[in-house]
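Listed below are the residues making up each chain.
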Amino acid sequence: MREGDPLVDWAWIVEHLDDIAFRTVQHLSLAGIAVAVGFAIAFALSLWAVREPRIRGPLTAVAGGLYTIPSLALFAALIPITGLSVLTVEIPLVLYTQQILVRNIVAGFDGVPSDVLEAADGMGYGRRERLWRVELPLAVPLIVTGIRLGAVTTIGLVMIATLLGDSFGGLGLFIKEGIQTFFATKVYVGAVLSVALAVLVDVLLVRVERRLTPWAAGRVSDDVSPMPAGVPAGA
Amino acid sequence: MAATTTGDGGGATTVEFEHVSKRYPGTRAGEGAAVDDLSLTIPAGRIAVLVGPSGCGKTTSLKMVNRLIEPTSGRILLDGADAAQRDVTELRRGIGYVIQQTGLFPHQTIGENVATVPSLLGWTKERQRERAEELLALVGLAPATYRDRYPSQLSGGERQRVGVARALAADPPIMLMDEPFGAVDPIVRDRLQNEFLRLQEDLAKTIIFVTHDIDEAIKMGDLVAVLQVGGKLAQFGPPAEILAAPASDFVARFVGADRGLKRLSLSRVRELTLMPAVTVRIGEAGEAVRARIEADAFHSALLVDDARRPIGWVRPAAVVGDGPVSEAMAESMSPLLDPRTTLKDALSMLLDADVQAGIAVDQGGAVLGLVTADMIAERMRGPDALAAPGDRA
């Protein structure tokens, strides 16, 4: 940081609003794709684990194992295969969501009270009807908690994609460039906007959850966080 | 709970257990069976209670009827047809199921919960809604108040009522009830039991009811099956018979040393031959009254008003001279007994009061006759002590 500069150069921000908007949208879509694809995979895996208790241990071990791979190493390993493409960014992001999502989705299904399942069976629900009409709605609070944690973590992780050059870094690029050129305003813009995005998405998802679970009014899922939000080792 | 119900299934079904056994893998034949060669017949429209200590296989037996558990051997016949041959979901939709923890769906409104089976059966929304409201009213929950609430907003007793309403939704001929009133406090339980018995007078379903509480079994059952650990049927019969003549030491121990007292709750004051009371009306002449009182075994007469409602006991010493008998001459009063009072409650009231006789009165409060502790004891020893209403004597 050069001496005498103002803390925030507002003029620069106004001149670069287009740039800021572009990178914000890029950041959000990189994270959004990762969470959406990650959820689809994790949901299928979790349903499998709920039906086949034998695969549950191996599945959580693998998902947990993936989470411990340093992101730098993973990018490096992928570059020879997928090159400097969007896949190289998305594959690690998707893999990192699995740990959080699988855990929460499985916990959501596990949390359906056994008396409810027994009553459903006793009244003549078929297996599919029970899954979609009873188990899934009751698992929603924990599933949404998982998506919230996954989304917030992924929004943070997108920053690391700046390592792959200037094409996919989203808001992370501002931080990288700001540090390289000793220009604090860029760092602030990148940091503040990425935090704002994370908070916004989290609030939005809480609203979605409330709409999906009118029956749980008064006991919001905030008090059930099965694991703390975190960033993978090496990030 | 009041009124009658309408529906499309209706009727009742005879349920027969035919040499039914359940053994879990890892146990050899002859040892550690959950249910061991159970044979019994539950006549259509009756309540049969399966009672016994934990591990006696009562819940397992119940769940074999709707095939939540499949028997290892033997058959369960519903009106003569083997349950194992029926499509399992179709079978279950035709059997009401009530469990202790209610199993209400937390994510559905009370109305939706009650309409569960109608919805599975593909009834129109309109018909589901009508049926749900009808049933909520039947179990004593105002539909307008409860229909749109969620289970978490109800008390334990209210949730149990919803559970019963839900089980009745498609008017099944058979109801399975697994400790349905076990999770509520004793006062609420007593009320739910009474309401359910009144409901059953109209519904006349075939009901299999599981409990570990012998008092509940005696109260709810037309027939009681006592099971012992290892899933063996120890005795099956009307409650009065089980209390009066336990078939084994196990049954005698299980029903308790106070089984004589428990039998008292199965008989009511109206079954006694009442002792006629010497009555005196206000304003009668003293001399004649004194003579009548002295001739009486109790040396007391009952002072009554014009409608023959009792005012109190009059002793000869209180009637001085030949003046008219007045209300002031009455000394003590006896407990008043409705003909529907159980002999257990009647005896309890007699023991509490410091008089020898209770007064049975009709609905208008007029004297019917006297009841003494001796009469109750005599009744329990008597030849018709075994008679249970409408059953084999």
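Residues numbered from 1 in each chain as written. Chains lettered and ligands numbered in written order. Predicted model: local features only at pLDDT ≥ 70, side-chain atom pairs only at ≥ 80, totals over all residues.

**Considerations on the overall build of chain B**
Counting secondary structure elements, chain B contains 15 helices and 16 strands. The principal-axis extent of the C-alpha atoms belonging to chain B is close to 85 × 55 × 35 Å. Within chain B, buried positions represent 42% of all 393 residues. Taking the contacts inside chain B whose residues are at least 6 apart along the sequence as the reference set, 64% of them involve residues at least 24 apart. (Helix = DSSP H or I, 4+ residues; strand = E, 2+ residues; numbered from the N terminus. Buried ≥ 20, exposed ≤ 12 C-beta atoms within 10 Å, placed from the backbone. Contact = placed C-beta atoms within 7 Å.)

**Structural notes on the overall build of chain A**
Scanning chain A for helices and strands turns up nine helices and zero strands. For chain A, the N- to C-terminal ordering of α and β elements is α-α-α-α-α-α-α-α-α. Looking at chain A as a whole, 36% of its 235 residues qualify as buried. Within chain A, residue pairs in contact and separated by at least 24 positions form 78% of the contacts whose partners lie at least 6 positions apart.

**Some words on the packing of helix α8 (residues 172-180) of chain A against helix α9 (residues 184-212) of chain A**
Residue and element names in this part refer to chain A. Viewed as axis vectors pointing N to C, α8 and α9 meet at an angle of 160 degrees, and their least axial separation amounts to 7 Å. Relative to α9, the element α8 is oriented roughly antiparallel. In the crossing of α8 with α9, the sense of the turn from one axis to the other is left-handed. On the side of α8, the interface is formed by Gly172, Phe174, Ile175, Glu177, Gly178 and Ile179, while α9 contributes Ala184, Lys186, Val187, Val189, Gly190 and Ala191. (Axes fitted to C-alpha atoms, helices over the stretch in contact; angles between N-to-C directions. Parallel < 35°, antiparallel > 145°, perpendicular 65-115°, else oblique. Left-handed = near helix turned anticlockwise from the far one by under 90°.)

**A short note on the sheet that holds strand β12 (residues 301-304) of chain B**
Residue and element names in this part refer to chain B. Across the sheet, which stays open at both edges, the three strands sit in the order β11-β12-β13 with mixed pairing between neighbours. A strand with exactly one partner marks an edge of an open sheet, and here the two such strands are β11 (279-281) and β13 (310-314). Averaged over all adjacent pairs, the angle separating strand axes in this sheet is 35 degrees, with direction ignored. Sheet analysis places β11 next to β12, joined by three bridges and oriented parallel. When the bridges of β12 are listed, Thr279 appears paired with Leu302. (Pairing = 2+ DSSP bridges.)

**Here's the deal with α9(A)**
Residues and elements named next belong to chain A. A rise of 1.5 Å per residue sets the reference length of α9, with its 29 residues, at 42 Å; its end C-alpha atoms lie 42 Å apart and thus fit the reference within 8%. Every buried residue belonging to α9 is among Thr185, Lys186, Val189, Gly190, Ser194, Leu197, Val201 and Glu209, and all of these are buried. In this structure, the buried side of α9 is in contact with α1 (10-15), α2 (17-51), α7 (127-157) and α8. (Expected span 1.5 Å × (residues − 1).)

**Considerations on the interface of chain B and chain A**
Between chain B and chain A, the residue contacts involve 17 residues of the former and 15 residues of the latter. Only α2 (88-93), β6 (95-99) and α4 (116-120) of chain B provide two or more residues apiece to the side of chain B that touches chain A. Class assignment for the residues of the side of chain B that touches chain A results in eight nonpolar, seven polar and two charged. (Nonpolar A, V, L, I, M, F, W, Y, C, P; charged D, E, K, R; others polar.)

**A word on the confidence of the model for chain B**
Residues and elements named next belong to chain B. Confidence in the prediction of chain B, expressed as mean pLDDT, is 88, and 93% of residues score 70 or more. Long-range and interchain partners of residues 387-393, a stretch whose pLDDT sits below 50, account for eight contacts in this model, where long-range means more than four residues apart. Reported confidence for the predicted complex is 0.79 by ipTM and 0.78 by pTM. (pLDDT = per-residue confidence, 0-100.)

**A short note on the pairing of strand β1 (residues 15-22) of chain B**
All names here are of chain B. Here β1 runs beside strand β4 (residues 73-78); their pairing, made up of five bridges, is antiparallel. Residue pairing in the sheet places Glu16 in a bridge with Leu77 of β4. Summarising the sheet, β1 and strand β2 (residues 35-42) pair through five bridges and their orientation is antiparallel. Within β2, the residue paired with Phe17 across the bridge is Leu40.

**Some details on the sheet that holds strand β15 (residues 357-361) of chain B**
All names here are of chain B. The mixed open sheet is built from three strands, whose spatial order is β14-β15-β16. Strands with a single pairing partner mark the edges of an open sheet, and in this sheet they are β14 (336-337) and β16 (367-372). Here β14 pairs with β15 via two bridges, running parallel. Across the sheet, residue Leu336 finds its bridge partner in β15, namely Ile359.

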